[in-house]
Amino acid sequence: MALVAIILGGYAIQGIIPDAILLRWAFSPGSGHPETLLTALFLHGSWAHAFMNAAFALAFATPVTRFLGLDLLGIGLLILIYLLSGVAGNLGFALFNLSAAAPLIGASGAISGLAAASARIMAGRDGQLGRLQDPLVIGMGAGWLITNLFVAILGFAPGAGSNSVAWQAHLVGFVAGMFLIDPVVWLRQQRPLG
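Okay, so let's go over this structure. Quick caveat, the model's predicted, so the values are computed rather than measured. Within each chain, residues carry numbers counting from 1 in the order of the written sequence. With the structure being a predicted model, the display of local features is reserved for residues of pLDDT at least 70 and the display and counting of side-chain atom pairs for 80 or more, all residues being used for whole-chain, interface and lining totals. Excluding hydrogens and water, the side-chain figures rest on all heavy atoms present in the structure.

**Regarding the overall build of the chain**
Put simply, the rule reads: Helix and strand assignments come from DSSP, with helices taken as H or I runs of at least 4 residues and strands as E runs of at least 2, each series counted from the N terminus. Radius of gyration here is computed from C-alpha atoms only, and the compact-globule reference equals 2.2 Å multiplied by the residue count raised to the power 0.38. Between two residues, a contact is recorded if the distance between any of their heavy atoms is within 4.5 Å. Computed with the Shrake-Rupley method and a 1.4 Å probe, the accessible areas treat only the protein chains shown as cover for residues. None of His or the chain ends enter the tally, which takes Lys and Arg as positive and Asp and Glu as negative. To locate a charge, take atom NZ for lysine, CZ for arginine, CG for aspartate or CD for glutamate.
What the chain contains, in helices and strands, is eight helices and zero strands. In sequence order, the secondary structure elements of the chain are arranged as α-α-α-α-α-α-α-α. Taken over the C-alpha trace, the chain has a radius of gyration of 16 Å; the compact-globule value for 194 residues is 16 Å, and the two agree within 12%. On the principal axes, the C-alpha backbone points of the chain span a range of 50 × 35 × 30 Å. For the chain, restricting intrachain contacts to residue pairs at least 6 apart in sequence, the fraction spanning at least 24 positions comes to 76%. When the accessible surface of the chain is summed, it comes to about 10,100 Å², and 72% of that surface belongs to carbon and sulfur atoms. Taken as two groups, the 7 positive and 6 negative side-chain charges of the chain have centres that lie 6 Å from each other.

**Things to note about the side chain of serine 85**
Short version of the rule: The buried label goes to any residue with under 20% of its type's maximum accessible area, the exposed label to any with over 50%, and the partly exposed label to all in between, with areas taken from a 1.4 Å probe on protein chains only. Here a polar contact means two N or O atoms within 3.5 Å. Within protein one must be a hydrogen donor candidate and the other an acceptor candidate, and residues neighboring in sequence count only if both atoms are side-chain atoms.
In this fold, serine 85 is placed in helix α5 (residues 72–96). Residue classification places serine 85 among the buried positions, given a relative accessible area of 0%. For serine 85, the side chain forms a polar contact with the main-chain oxygen of isoleucine 81, separated by 2.8 Å. Ignoring sequence-local partners within four residues, the contact set of serine 85 consists of Gly109, Ala110, Gly113, Gly173, Ala176, Gly177 and Leu180.

**A look at unusual backbone geometry**
The residue aspartate 126 is not glycine, and still its phi comes out positive at about 55°. Among the secondary structure elements, aspartate 126 is positioned in the loop between α6 (108–122) and α7 (135–154). A relative accessible area of 80% places aspartate 126 in the exposed class.

**Notes on the packing of aromatic side chains**
The condition that has to hold: Think of it this way: a Phe, Tyr or Trp ring, Trp meaning its six-membered ring, pairs with another when their centres are within 6.5 Å, and the plane angle makes it stacked under 30 degrees, edge-to-face over 60, tilted otherwise. Only Lys NZ and Arg CZ are tested; either one counts as a charge over a ring when it is within 6 Å of the ring centre and within 35 degrees of the ring normal.
Applying the stated criterion to the full structure yields six aromatic pairs. Relative to tryptophan 47, the ring of tyrosine 11 lies with its centre 4.8 Å away and its plane at 80°, an arrangement referred to as edge-to-face. One end of the pair, tyrosine 11, is in helix α1 (residues 2–14); the other, tryptophan 47, is in helix α4 (residues 47–68), and 36 residues separate them in sequence. Of the residues examined, tyrosine 11 reaches a relative accessible area of 16% and is grouped as buried. Residue tryptophan 47 is classed as partly exposed on the basis of its relative accessible area, which comes to 42%. With a centroid separation of 5.9 Å and an interplanar angle of 75°, the aromatic rings of phenylalanine 60 and tryptophan 144 are classed as edge-to-face. Pair noted here: phenylalanine 60 is in helix α4 and tryptophan 144 is in helix α7, with a separation of 84 residues, a long-range link. As far as the burial class goes, phenylalanine 60 and tryptophan 144 line up, both buried. Among the aromatic residues, those joined into a cluster by ring pairs are Phe56, Phe60, Trp144 and Phe174. Against the face of tryptophan 25 rests arginine 24, its NZ or CZ located 4.2 Å from the ring centre.

**Concerning the side chain of asparagine 148**
Mapped onto the secondary structure, asparagine 148 falls in helix α7. Given a relative accessible area of 4%, asparagine 148 falls into the buried group. For asparagine 148, the side chain forms a polar contact with the side chain of histidine 170, separated by 2.6 Å. Apart from residues lying up to four places away in sequence, asparagine 148 is in contact with Trp167, His170 and Leu171.

**Brief notes about the packing of α4 against α6**
Definition in use: All axes here are fitted lines through C-alpha atoms, helices being fitted over the stretch that makes contact, and every angle between N-to-C directions spans 0 to 180 degrees. In this scheme the handedness of a crossing depends on how the near helix is turned from the far one: anticlockwise by less than a right angle means left-handed, clockwise means right-handed. Asp, Glu, Lys and Arg are counted as charged, while Ala, Val, Leu, Ile, Met, Phe, Trp, Tyr, Cys and Pro are counted as nonpolar; the rest, among them Gly, fall into the polar class.
Between α4 and α6, the least distance of the axes is 8 Å, while the angle of their chain directions is 35°. α6 is crossed by α4, and the crossing has left-handed handedness. On the side of α4, the interface is formed by His49, Asn53, Phe56, Ala57, Phe60, Ala61, Pro63, Val64 and Phe67, while α6 contributes Ser108, Ile111, Leu114, Ala115, Ala117, Ser118 and Ile121. Across the contact of α4 with α6, the residue classes break down as 12 nonpolar, four polar and no charged.

**Considerations on a nonpolar patch on the surface**
In plain terms, the rule: Patches draw on residues past 30% relative accessible area with no salt bridge. Two like charges within 9 Å are joined, as are two nonpolar side chains (Val, Leu, Ile, Met, Phe, Trp, Tyr) within 5 Å. For this document, the term salt bridge refers to a Lys or Arg side-chain nitrogen within 4 Å of an Asp or Glu carboxyl oxygen.
Together, Leu80, Leu84, Trp186 and Leu187 line one region of the surface with nonpolar side chains, adding up to about 360 Å² of accessible area. Put simply, the parts of the chain that give the nonpolar patch at least two residues each are α5 and α8 (167–190). Tracing the backbone through its elements, the reader meets leucine 187 in helix α8. A residue is classified by how much of its surface remains accessible, and leucine 187, at 36% relative accessible area, is partly exposed.

**Side note on the environment of valine 165**
Relative to the helices and strands, valine 165 resides in the loop between α7 and α8. Here the alpha-carbon distance between valine 165 and leucine 91, two residues 74 residues apart in the chain, equals 15 Å.

Printed below as a string of structure tokens:
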């Protein structure tokens, strides 16, 4: 719920900030501002964009939070996956769009990482993560890939309006989350709940 509040509340605040200031915090591959790899995760292009990311955040952060725990460490590890997946997604976008003029905004890469982490968790048994080759993980990964390839081919997605969708950020964020969950769970096990 905190991620939902940050996404929707952040977009509400965005409405009162001049676009020129907001653009400074959006990610552009050639901007020379590496901090925008993070700040862009907290900006959105429309209410539809913000609501879609909030809904996916709620869906995918829930199993990750339950698995990692609701204590300070568990929440901190959830945020770590979110931020690192988002940064990886933005870097993935940059890799394919070095000369992109339009700035990148949104938390989709971060949420894609949570989706992958959720797949690994749901595929697991007895408090252990599912393997990368588990049918559930492969199925969700294939679904994510196919959906984003359709977005890439068609050039749009529901709720995007006239804005293009950074499908590269989605795919790279997903891969990042699939692998980040392993060290995060190892960190969690160093300080178990209770």
